Amino acid sequence: KEDGASSASAGSGSKAITLGFSQVGSESGWRTANSDSVKSAAKEAGYTLKFSDAQQKQENQISAIRNYIAQKVDVIAFSPVVVTGWDAVLKEAKAAKIPVVLTDRSVETSDDSLYVTLVGSDFTDEGRRAAKILEKVLEKAGHKGAVKIAQLEGTTGAAPAIERAKGFKEVMEADHADDWKVVVSQTGDFTRAGGKQVMAAFLQSNPDINVLFAHNDDMAIGAIQSIEAAGKKPGKDILIVSIDGVKDGFVAMSEGKINAIVECNPLLGPQLMEVVKKVKDGETVERWIKTKESDFMQDQAKDALPTRKY
Ligand code: GYE
């Protein structure tokens, strides 16, 4: 799906920048906010943006990138759906002398020269923060006894799924080896429908689950439907921690259904445009431009909700 150029204001002067952006998809509230941020920041900066949505398929992203190379855009930016399998197309971009900026998600590559920088969050740290905030949630709920955790993973092979699981596990194994256990873990592909379906199966196979760690709010929201359908209270019978901090996540938290949220900021557009300009001008940029974010407990939800920007 190609939206084509969405900025008409760039003109044809020597300063005009054409940016080709290949988006993962439109799987979540986070993604929608991220796409909006990229589009509006490009417009603001006066760039010509070529934007395409890969519908969570790597082959679509690869062909979008090939298109941008053929169109000789100035810079290519993309948010890779999974971490592996990019070397060939990135080498084509390099051969065409088109710099590549990663946004949001990272890639695994043996050749560091294949991309200039990553603008995005530290997902391993988000996983650690999720485990740390779960400690507070358990304490607040006065929870005693075994902690039986269900994990809803993001898209298999995607950086945020791999790293959030890793960070969470790290804290769990270091500090809670005796009392916490992930009893079931499966992908819900970062979607509500996925979260709902997988949680329903979890509740069948493991009715004694008392904690849900969801890699994003959308899957948590889907899971809440299945928890309620099973006659249980989300946020009470099953304590829920998720990641992102989208508006619907905050709504669920203010209703008492999510216990805590680790924020992951999708508003990467303005930073991306800055970096694109520097890269086009041949300036050196940091290898990883990290996003700053916070954590929220349920009792902060009502106050925070009106100020949430996405
Ligand atoms: O958490 C999820 C989205 O890559 C950080 O992708 C992003 C993740 C985000 O679908 O909601």
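Residues numbered from 1 in each chain as written. Predicted model: local features only at pLDDT ≥ 70, side-chain atom pairs only at ≥ 80, totals over all residues. Heavy atoms only, no water.

Draft legend 1. Looking closely at the site of the ligand. In the region of the ligand, 13 residues are neighbours, and E27, D104, R105, N216 and D244 sit closest. R105 is positioned with one of its side-chain polar atoms (N or O) 2.8 Å from an oxygen atom of the ligand. Residue R164 places a side-chain N or O atom 2.8 Å away from an oxygen atom belonging to the ligand. Taking 300 Å² as the accessible area of the ligand by itself, protein coverage stands at 100%. Counting residues per element, the ones that place at least two in the shell around the ligand are helix 1 (29-45) and helix 5 (159-175). (Near = heavy atom within 4 Å. Polar contact = N/O pair within 3.5 Å; in protein donor to acceptor, adjacent residues only side chain to side chain. Areas by Shrake-Rupley, 256 points an atom, 1.4 Å probe, with all protein chains shown as cover. Helix = DSSP H or I, 4+ residues; strand = E, 2+ residues; numbered from the N terminus.)

Draft legend 2. The environment of G188, seen in detail. The residue G188 is located in the loop between strand 8 (180-187) and helix 6 (192-205) in this model. Residue classification places G188 among the buried positions, given a relative accessible area of 2%. Here the alpha-carbon distance between G188 and M199, two residues 11 residues apart in the chain, equals 8.7 Å. What G188 contacts, discounting residues up to four positions off in sequence, is E153, G194, G195, V198 and M219. (Buried < 20%, exposed > 50% of the residue type's maximum accessible area, 1.4 Å probe, protein only. Contact = heavy atoms within 4.5 Å.)

Draft legend 3. View of the UniProt feature "domain: Periplasmic binding protein" (unreviewed entry) in the protein. Mapped onto the present numbering, the UniProt feature "domain: Periplasmic binding protein" (unreviewed entry) falls on residues 21-283. Helix makes up 46% of residues 21-283 and strand 19%. Its end C-alpha atoms lie 20 Å apart. (UniProt positions renumbered as here; feature names shortened; annotations may be inferred.)

Draft legend 4. Structural context of the sheet that holds strand 13 (residues 295-297). The sheet built from 6 strands is open, its strands ordered 8-7-9-10-11-13 with mixed pairing. Two strands bound the open sheet, and with one partner strand each, they are strand 8 and strand 13. The mean inter-strand angle of the sheet, taken between neighbouring strand axes irrespective of direction, is 15°. For strand 7 (residues 147-153) and strand 9 (residues 211-214), the ladder comprises 4 bridges, and the chain directions are parallel. Along strand 9, the bridge assignment pairs L152 with A214. Set on the sheet, helix 5 makes contact with strand 7, strand 8, strand 9 and strand 10 (239-244); between it and strand 8 the angle comes to about 170°. (Pairing = 2+ DSSP bridges. Axes fitted to C-alpha atoms, helices over the stretch in contact; angles between N-to-C directions.)

Draft legend 5. Spatial organisation of the packing of helix 1 against helix 9 (residues 269-280). At their nearest, the axes of helix 1 and helix 9 sit 8 Å apart, and the two run at 50° to each other. In this view, helix 1 runs oblique relative to helix 9, as classed from their interaxial angle. The crossing of helix 1 and helix 9 is right-handed. Only G269, P270, L272 and M273 of helix 9 make contact with helix 1, whose side of the interface consists of S37, V38, A41, A42 and A45. Residues that form the contact of helix 1 with helix 9 fall into these classes: 7 nonpolar, 2 polar and no charged. (Parallel < 35°, antiparallel > 145°, perpendicular 65-115°, else oblique. Left-handed = near helix turned anticlockwise from the far one by under 90°. Nonpolar A, V, L, I, M, F, W, Y, C, P; charged D, E, K, R; others polar.)

Draft legend 6. Representation of the nonpolar core in the model. If you look at the biggest cluster of nonpolar residues, it comprises 29 residues, and the most contacted ones within it are L134, I149, F168 and W180. At the level of secondary structure, the elements contributing two or more residues to this core comprise helix 1, helix 4 (123-140), strand 7, helix 5, strand 9, strand 10 and strand 11 (260-263). At 7 residues, the largest contribution of residues to this core is made by helix 4. With sequence-adjacent residues up to four places away left out, I149 is seen in contact with L134, F168, M172, W180, K181, V182, V183, V184, V211 and F213. (Core = buried A, V, L, I, M, F, W, Y, C linked by side-chain atoms within 4.5 Å.)

Draft legend 7. Molecular detail of unusual backbone geometry. Within the chain, K97 stands out as a residue other than glycine whose phi angle is a positive 60°. A positive phi angle is found at D244, which is not glycine, with a value near 130°. Relative to the assigned elements, D244 resides in strand 10.

Draft legend 8. Focus on the pattern of salt bridges. Within the structure shown, the criterion is met by 23 salt bridges. The partner of D175 in a salt bridge is K132, and the shortest N-O contact between them spans 3.4 Å. Of this pair, D175 sits in helix 5 while K132 sits in helix 4, and the two are 43 residues apart along the sequence. Look at K132 and you get partly exposed, because its relative accessible area is 40%. Close ionic contact of E255 with K257 constitutes a salt bridge, the shortest N to O distance being 3.9 Å. (Salt bridge = Lys/Arg side-chain N within 4 Å of Asp/Glu carboxyl O.)

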